Each structure stands twice: as C-alpha cells, then as structure tokens.
Amino acid sequence: MDAISVIRTKRDRGELTAAQIDWVVDAYTRGEVADEQMSALAMAILLNGMNATEINRWTDAMIASGERMDFSTLSRPTADKHSTGGVGDKITLPLAPLVAACGVAVPQLSGRGLGHTGGTLDKLEAIPGWQAALSNDAMLRVLEDVGAVICAAGDGLAPADKKLYALRDVTGTVEAIPLIASSIMSKKIAEGTGALVLDVKVGSGAFMKDLDNARELARTMVRLGVDHGVKTVALLTDMSTPLGLTAGNALEVRESVEVLAGGGPADVVELTVALAREMLAAAGQTRIDPADALRDGSAMDVWRRMIGAQGGDPDAKLPVARETQVVTAASSGVLTRVDAYAVGVSAWRLGAGRARKEEQVQAGAGVELHAKPGDTVVAGQPLLTLHTDTPERFEYATEILSDAITIAPTGTTFEPTPILIDR
Ligand code: URA
C-alpha cells in the first residue's frame, strides 16, 4: 500500500477500500504518511466526499489508533453531550452537573477554543485552581464520587484525530462533513459513553452556516453513533446570535453559575434543560425533571463538588479584565440582529481566544451583551461592553463589530429565530 495510490483513488472520485482506510490512518498516525500527503487526501475528501461505508471505516480506524475508555464499572448510566461549537456556548458548564443531579453520570471530555468559538476548558480555567488534566483513573473516581467530570481528553484517545485535526486546521480542510463527523464521533465512541446528545449549531457563528449542511452533519453523526452501539440523538440549534449575554471565559462561568442558581438568560436555560432532557431520556432516566434540579439547588451542589474535585474554588472571585469599552446604540428602534460570528471574533481578538496555538487566553476578556434581538433600544444606550487586559485591542474588536448590529425602526415586528430548530 502507498499514500499516492490512496490519494489518487479519492482524487478520481473512487471509493476507498477498508484496507486503504485502515492503512492510511494507521500509517499517518505512525508518521509513515507525510503531512503533505495526508493534507492532499483530506482535500480530496473535502471535494469528493465519502459514502457511509467509508465514513464508518474511517471512524473505526481513528478509534483503533488509540485506547478506549470503559465506564461499565460505574453505578449509573452515562450520557455525554457534544456541541459543534458556537459563540457564548457555555452550556456544558451548567449541563454536566445538572444531568448528574438527575442520576446520570456525565463523562465530558472537552476542548479548547477554536478560532472564534470558545472552549469549555479555557472557560473553566478562569476558576482559580481548576485543573483540566486528569488521569483516566482520576476521571473515573470523580465520575463515581460526584457524577460529573469535565476534563481534557488524554493523549491516548484517538491520536489519529489529534494529528489530523491540527493538519486540517491549517490546510483549509476543516469543513468536510465526513471528516468532522468521524473526528467528533471517534472521540466520543472511544470515550465509552453509553448515550450521546449532539448539539449541532446552525448560523453565522457556527461551522455549518446553513441548515442543509447542518442536517447532513447531524444525520451522519447519529448514524455513526447508532452503528457503534451508542444511543445518539442530535438537536439542530440556532447560532445566528450569541447564546446568552456573554462570550468570554470568566464572563461565561459567571453566567453559568447564574443558571445553576435558578436564574440566567432564558435562551441558555431553555437549551440547557432541553439537552438535559434528551441526555436523561437517552440514558433511560426520566424520574427527575432537570428544571426542578435547577430550582432546588441540587445541580448547584454537584457543580460545587465537581469544581472542587479538580482543585477549583467555587467561591473564589472570578478574574475581571483590566479595561472595558462600551458600544452604544446608533439609533432608537428594535434590535433585530447581533451577529454571532462578529461577536465571537471580537471576543477572540480581545483575548478570550488564541491567534496561535501556544498563546495564553485572558480569563477576563470577552464581550457582554446588554440587549438581545427583539429588545427595544434607545439611541446612545449601551449595547455591548468589551472587556480586555490589552486596550490596544479595542480598535480592531470594535471595527469587527461595526456591521454586526441591526436596529430596525420603532414598531417593526420582529420574529425571533427559535433556539431549538429541529431534532
Ligand atoms: N470538532 C471536532 O472535534 N472535530 C472537527 O472536525 C470539528 C469540530
């Protein structure tokens, strides 16, 4: 077998054989297939696609590149959630303890920010003392003791994906549905969760900008999960405007704690509860309504123990950025659009995300919204507050936002996009 013949097969719109897929994924992981050869193959896959049989085999090969975790010794069923990434998407933070409070264990392996989208680990690291890295044994212990754990995936889990994802990131090949689906699902299947709920985002702030592509991605991932014995459900949810009122690490932790305390923005609460219900149903546990667990404080109790188990202090003051700048409404009327992508890029450039892999994020940086689409606004009122430790970034961040906000004349009827688009 050689890399050139595999590349030619896909370049010429052929179907890759199981042997070709097994070989190329394994040889790439071992360094026998070069980065330039794998990037040519990834581009051929992006342009010419893969059929269901190929995607299944590719996913199997990525799973086989590393270890598989096993939660069968736990005393409760497991369910996990994966979001395809968005702006202000802090849902994992309240969701994991909420589902655990309702009797299902949540082994949540999470990632860091990617481009304009925030990362769960970066957000939690805003909490003084909290550590993302856990050994497999420690993860299992927290899961058994607390019921929920959010941590970084170890190097042993789907190493082929780790290498391929970094390559796709710099070769314009992220947006290939077969590669996204196999990347996400290989990690989730190797992680060993019993049930999985996928939050597939659609809109300007998502990787999938249109509904048809998002639907195809959702179907592809659900099929992969079901074919691998994982009870898998997908929700299509709106990402045309930021979720909640904050985008940025410490800002989003604060908002998540508000949700766990029974408050918080309506869209964050609605999506958290909807995903929790799906996870509980998929794990066969429907005795407790998650809305009650938010109200009665039991989800907050799990949150506090979960943060403490990883060295964090749930009572510590969260970091605050050194400087702020306010963006005001240019006219009076009805706010009809706050573009998720622009807010995400702005938060990222203020320091909430990284421009290069090795950069540190600023815990306090980000964007705070003071109004959401549908609100009536008055000229001059604050619409956004930008937070950063490095004020020289304000100019670029405000420039990105210059076309992000639409205010329609007073009296305009506004039809909000529902957060839950389809299941
Ligand atoms: N998230 C992943 O884990 N993989 C992708 O390919 C895209 C988003």
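Labelled according to an unreviewed UniProt entry, the protein appears under the name Thymidine phosphorylase, originating from Embleya scabrispora. Entered under Subunit (unreviewed entry) in the UniProt record, the comment concerning the protein runs "Homodimer."

Further remarks concern the site of the ligand. Neighbouring residues of the ligand: Tyr165, Val174, Leu179, Ile180, Ser183 and Ile184. When its residues are assigned to classes, the shell around the ligand shows five nonpolar, one polar and no charged.

A few words now on the domain arrangement of the protein. Partitioning the protein into domains gives domain 1 (3-49), domain 2 (79-154 + 174-309) and domain 3 (323-408). The straight-line distance from the C-alpha centre of domain 1 to that of domain 2 is 32 Å. Contacts between the two partners involve four residues from domain 1, matched on the other side by four residues from domain 2. Grouping the amino acids of the side of domain 1 that touches domain 2 by side-chain chemistry returns three nonpolar, one polar and no charged.

The first and last C-alpha atoms of helix 11 (residues 249-260) sit 17 Å apart over 12 residues, in line with the 16 Å expected at 1.5 Å per residue. Burial within helix 11 is extensive, with 10 of its 12 residues counted as buried. Within the sequence span of helix 11, burial applies to Asn249, Ala250, Leu251, Glu252, Val253, Glu255, Ser256, Val257, Val259 and Leu260. Of the residues flanking the end of helix 11, it is glycine 262, one or two places downstream, whose phi is positive at about 95°.

Let us look at the sheet that holds strand 10 (residues 376-377). Across the sheet, three strands lie side by side as 10-8-12; this open sheet has antiparallel pairing. What marks the edges here is a single partner per strand, and that holds for strand 10 and strand 12 (405-408). Across two bridges, strand 8 (residues 333-338) lies against strand 10 in antiparallel orientation. Residue valine 334 lies in a different strand from strand 10, and its bridge partner there is threonine 376.

It is at 10 Å that the axes of helix 7 (residues 136-146) and helix 14 (residues 298-309) come closest, and there the two elements cross at 155°. As far as their axial angle goes, helix 14 and helix 7 are roughly antiparallel. Considering only the axes of helix 7 and helix 14, their crossing is right-handed. The residues of helix 14 that touch helix 7, namely those facing Val142, Asp145 and Val146, are Val302, Arg305, Met306 and Ala309. Considering only residue class, the contact of helix 7 with helix 14 consists of five nonpolar, no polar and two charged.

This brings us to the environment of valine 259. Here valine 259 lies in helix 11. Sequence spacing of valine 259 and leucine 318 is 59 residues, and the spatial spacing of their C-alpha atoms is 16 Å. With residues up to four places along the chain from it excluded, the contact list for valine 259 reads Pro94, Gly264, Val268, Val269, Thr272 and Leu294.

With that settled, the discussion passes to the confidence of the model for the protein. Model confidence for the protein is summarised by a mean pLDDT of 96, while 100% of its residues fall at 70 or above. Across the interfaces of the predicted complex, the ipTM metric reaches 0.97, alongside a pTM of 0.94.

Here we come to unusual backbone geometry. Within the chain, arginine 13 stands out as a residue other than glycine whose phi angle is a positive 65°. Mapped onto the elements, arginine 13 comes out in the loop between helix 1 (3-11) and helix 2 (18-29). Among the residues examined, arginine 13 registers 10 C-beta atoms within 10 Å and is labelled exposed. Positive phi values are uncommon outside glycine, yet alanine 158 reaches one of about 45°. Checked against the element boundaries, alanine 158 lands in the loop between strand 3 (148-152) and helix 8 (159-169).

Conventions adopted
- Residues numbered from 1 in each chain as written.
- Predicted model: local features only at pLDDT ≥ 70, side-chain atom pairs only at ≥ 80, totals over all residues.
- UniProt positions renumbered as here; feature names shortened; annotations may be inferred.
- Near = placed C-beta within 6 Å.
- Nonpolar A, V, L, I, M, F, W, Y, C, P; charged D, E, K, R; others polar.
- Domains from an automatic or database assignment.
- Contact = placed C-beta atoms within 7 Å.
- Helix = DSSP H or I, 4+ residues; strand = E, 2+ residues; numbered from the N terminus.
- Expected span 1.5 Å × (residues − 1).
- Buried ≥ 20, exposed ≤ 12 C-beta atoms within 10 Å, placed from the backbone.
- Pairing = 2+ DSSP bridges.
- Axes fitted to C-alpha atoms, helices over the stretch in contact; angles between N-to-C directions.
- Parallel < 35°, antiparallel > 145°, perpendicular 65-115°, else oblique.
- Left-handed = near helix turned anticlockwise from the far one by under 90°.
- pLDDT = per-residue confidence, 0-100.

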